[in-house]
Protein chains: 2
Amino acid sequence: MNEAPRDEHPTTTRRGFSRRALLGTGAGALAVGAGLGVAGPPAVAALQDTLGDRAPDDVVDFHGEHQAGIVTPAQDRLCFASLNVLTQDRDELIGLLKDWTAACRRITQGLDVTETGFDGGSEYAPPQDTGEAHDLSAAHLTVTVGFGRSLFQDSSGRDRFGLKSRLPEGLVELPHFPGDKLEDARTGGDLCIQACADDPQVAVHAVHNLIRMGFGVVSTRWMQLGFGRTSSTSTEQATPRNLFGFKDGTANLKAEDASAIQDHVWVTDDSWLRGGTYLVARRIRMILETWDRESLTGQEKIIGRTKGSGAPLSGGEEFTPVDLGMMGSGNQPIVPEDSHVRLAHPDTNDGVQMLRRGYNYADGTDTVGNMDVGLFFIAMVKDPATGFVPIQKKLARQDALSEYLRHTGSGLFAVPPGVSQDAADYLGRPLFEA
Amino acid sequence: MNEAPRDEHPTTTRRGFSRRALLGTGAGALAVGAGLGVAGPPAVAALQDTLGDRAPDDVVDFHGEHQAGIVTPAQDRLCFASLNVLTQDRDELIGLLKDWTAACRRITQGLDVTETGFDGGSEYAPPQDTGEAHDLSAAHLTVTVGFGRSLFQDSSGRDRFGLKSRLPEGLVELPHFPGDKLEDARTGGDLCIQACADDPQVAVHAVHNLIRMGFGVVSTRWMQLGFGRTSSTSTEQATPRNLFGFKDGTANLKAEDASAIQDHVWVTDDSWLRGGTYLVARRIRMILETWDRESLTGQEKIIGRTKGSGAPLSGGEEFTPVDLGMMGSGNQPIVPEDSHVRLAHPDTNDGVQMLRRGYNYADGTDTVGNMDVGLFFIAMVKDPATGFVPIQKKLARQDALSEYLRHTGSGLFAVPPGVSQDAADYLGRPLFEA
């Protein structure tokens, strides 16, 4: 063993301070902790005052015109949950969204869920924070919440919370796509929580605690961990690889391209969803056992890019635009007609683009010993009816890659706009307060 | 969005160079890449010569008296696989172990599985490396291989590979423990691979490629991802928390305590297993829905430590020795009789200690919507018959914590000693070559 001892959780503590220090349980942190020792829920301003200029650079602001976790540079890890709403009481649902908002304001700063955390409350009550992230910093945590179609009306069309008239146009029932093998237990849901962070423990803690706070009001429908981001959402990020070994998301929308984000991501109509977006989730199993036996040339023709550099088969470097018209031997296009890059290209899709934010997943093996691994696809789109459904129909039918994919889960959620620093604001307020 | 753009994969690329650079596909790396351009499998010496003093500090040496991944400071992420051996041909099995050894020598240095990786081989052949870690550095990757009892004899006692007479004494059939809910599909196996790294993509890549290399020779029985280590194995590491929110592994054996490691981990008899150990794996589901409603005091009495600092209830700081004899009010021991700390303490277990190396896992939800999350327990022990079975029997029967746990998977593997730098050496050689 010749390796040097490593830092503890290098991604999350090397730059930040921990919940522990802030809560004053760490030696020398009493002065900081004292600032949080007031009774009642802290106002946002007080919180920020406490953090002050000590705010570490691994905090993503929860507040803003839009929710964080959309154009935020994609963090490395994901915990995603889809929930059923159990209550029939609109006020209880609103109450939970308010509680979640208060919690998110804290945990996204690396704090415990509530001011008293788990060791400052009554010893006879359950801890208010489950504790597994207590020593960790914010790790760029973002929590993004969305509303499923079934929140607005149940399958028989019944209005559940007086929201039916506010069902957004884009929150359609996704059609069955060719080859779909959707499992009920991985599909749909009334609410979704997307927690992204550099540290998976921080992301899991976020989802775990929001679920816990909703005990009796919501139940978990499905949950998905993602271990490696498969898209860049910023020009500052290198392009990662998916489990087929190819760079993924080279042509993804980037946060820096403000006009494209405006055109393809944010809802701009005058509805309550203005400033929000739609989140499409697809659990796409990748059949590695078959893919891995495909030749290098075969794999590259299916994708339309080289495996090494990620350059399009029409030449150049990774970011060289694909030349769909370039012809090769036998008067066949160099970028094959059924290649993924061609079929997904904006030029063959009426200019449609999405902001992809997916993650690799590995969930063990299936009953016959094949690996249940793949891509948990997430895309943020302005309008699923034009921005997702047509392209997915085409890919499912024509894409040579589809032979190696199996869609096993699916969800579509309307993502409300962001929350302001006003302590009275909460997730989804524009939906509930006309 | 006020966060600064982040580095790509901060844990793995900030300190290291990537496979890309080494293979000469990165600009300016041609001189380095050229050194790997010779035909045939590279000798270990040549490899090391190529790496030379440029070897980054995130490489753990694969070679040594013992396999790496045992006393190596526990990395943050795990990919574990249990495999069935399909072949009946002893030489084919040995051939695979040789191939694995050659691959591990490379991937633990941040290199592709073979010299030609995926973009240097024949374009008409499947790539030799599946590619998903191509741009990533070694990330402290360790690959540790073990042999299950069923490799030596099948369930009817039949000798499979002429190894029956070499079945190590400690490789017992684990008994049924009270409360076990073991699932066949998560239990047992002929071989195991434990891949640990700071980057999950690197760990998954390792397992994926070893499985791929074994196509037709082995099949995957089960696979488990772990996202956060739950034990420290070095005094240089802070104690992490499990999903119950408690610090876990405070009293774990530490690599620095050489005599304790010698006493409790390494096999020291004169068998082929000398210098090896036994790996006990238990998939322990944690019933968070119940635990999270337990009071702080209740949780602390069950564990026997405070939730905040991890100090024993008998007082002091995290690393203060537990005083099991201290009495409190009502002449009851302060550290309760049924607390986890008391029942697992060496003083109540004939001095038994194990080197724990477990990970948190989160595998979604079960069919009724409860989270399938918990601890993938891994312990390295000198002798399971004395070092694991008795203590687990006791814990399963008496530990107040057991009410919140469900053991759903199990495995026991003999971990052969390490591999030397001799190119002819391979994993398990002492077993096959008497």
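Look up: the structure comes first, before these words.
Quick caveat: nothing in here was measured; it's all calculated off a predicted structure.

Peer 1: Mind laying out the overall build of chain A, listing which residues take part and the relevant values?
Peer 2: In terms of helices and strands, chain A carries 14 helices and ten strands. Of all 434 residues assigned to chain A, the portion counted as buried reaches 62%. Considering only contacts within chain A whose residues lie at least 6 apart along the sequence, 75% involve residues at least 24 apart. As displayed, chain A offers around 15,500 Å² of accessible surface, 50% of which is attributable to carbon and sulfur atoms.

Peer 1: Mind laying out the side chain of Thr233 of chain B, listing which residues take part and the relevant values?
Peer 2: Residues and elements named next belong to chain B. If you trace the backbone, Thr233 turns up in the loop between strand 5 (228-229) and helix 8 (258-264). Residue Thr233 is classed as buried on the basis of its relative accessible area, which comes to 0%. Discounting residues that sit within four places of it in the chain, Thr233 has contacts with Val71, Thr72, Pro73, Ala74, Asn252, Leu253, Lys254, Ala255, Glu256, Leu355, Arg356 and Arg357.

Peer 1: Run through the environment of Asp184 of chain A, naming residues and quoting values.
Peer 2: Looking at the element boundaries, Asp184 of chain A is found in the loop between helix 6 (149-152) and strand 3 (191-197). Along the backbone, Asp184 of chain A and Trp222 of chain A are 38 residues apart, and their C-alpha atoms lie at a distance of 9.5 Å.

Peer 1: Tell me about the interface of chain A and chain B, and please be specific about residues and values.
Peer 2: Contacts between chain A and chain B engage 82 residues on the former and 84 residues on the latter. Summed over both partners, the interface of chain A with chain B comes to about 7,000 Å²; 58% of that surface belongs to carbon and sulfur atoms. Counting every contact that joins chain A to chain B gives two salt bridges. Between Arg241 of chain A and Asp135 of chain B there is a salt bridge; the shortest N-O distance is 2.7 Å. Elements that contribute at least two residues to the side of chain A that touches chain B include exactly helix 1 (10-13), helix 7 (200-213), strand 4 (218-226), strand 5 (228-229), helix 10 (296-303), strand 8 (359-365) and strand 9 (371-381) of chain A. Ranked by the residues each element gives to the side of chain A that touches chain B, the list is headed by helix 7 of chain A, at six residues.

Peer 1: Explain the packing of helix 5 (residues 90-107) of chain B against helix 7 (residues 200-213) of chain B to me, and be specific about the residues and the numbers.
Peer 2: Residues and elements named next belong to chain B. At their nearest, the axes of helix 5 and helix 7 sit 10 Å apart, and the two run at 150° to each other. Comparing the axis directions of helix 5 and helix 7 gives the class roughly antiparallel. For the pair helix 5 and helix 7, the crossing hand works out as right-handed. Residues Leu96, Asp99, Trp100, Ala103, Cys104 and Ile107 of helix 5 lie in contact with helix 7, whose contacting residues are His205, Ala206, Leu210 and Met213.

Peer 1: Report on the relation of the copies chain A and chain B, specifying residues and quantitative values.
Peer 2: Relative to chain B, chain A is turned by 180° and slid 0.0 Å along the rotation axis, the superposed coordinates differing by an RMSD of 0.0 Å. Here the two chains are linked by the operation of a two-fold rotation axis. Both copies share a contact surface, since 100% of the interface residues of chain A are interface residues in chain B too.

Thresholds applied
Residues numbered from 1 in each chain as written. Chains lettered and ligands numbered in written order. Predicted model: local features only at pLDDT ≥ 70, side-chain atom pairs only at ≥ 80, totals over all residues. Heavy atoms only, no water. Helix = DSSP H or I, 4+ residues; strand = E, 2+ residues; numbered from the N terminus. Buried < 20%, exposed > 50% of the residue type's maximum accessible area, 1.4 Å probe, protein only. Contact = heavy atoms within 4.5 Å. Areas by Shrake-Rupley, 256 points an atom, 1.4 Å probe, with all protein chains shown as cover. Buried area = accessible area lost by both parts, 1.4 Å probe. Salt bridge = Lys/Arg side-chain N within 4 Å of Asp/Glu carboxyl O. Axes fitted to C-alpha atoms, helices over the stretch in contact; angles between N-to-C directions. Parallel < 35°, antiparallel > 145°, perpendicular 65-115°, else oblique. Left-handed = near helix turned anticlockwise from the far one by under 90°. Least-squares fit on C-alpha atoms with pLDDT ≥ 70 in both.

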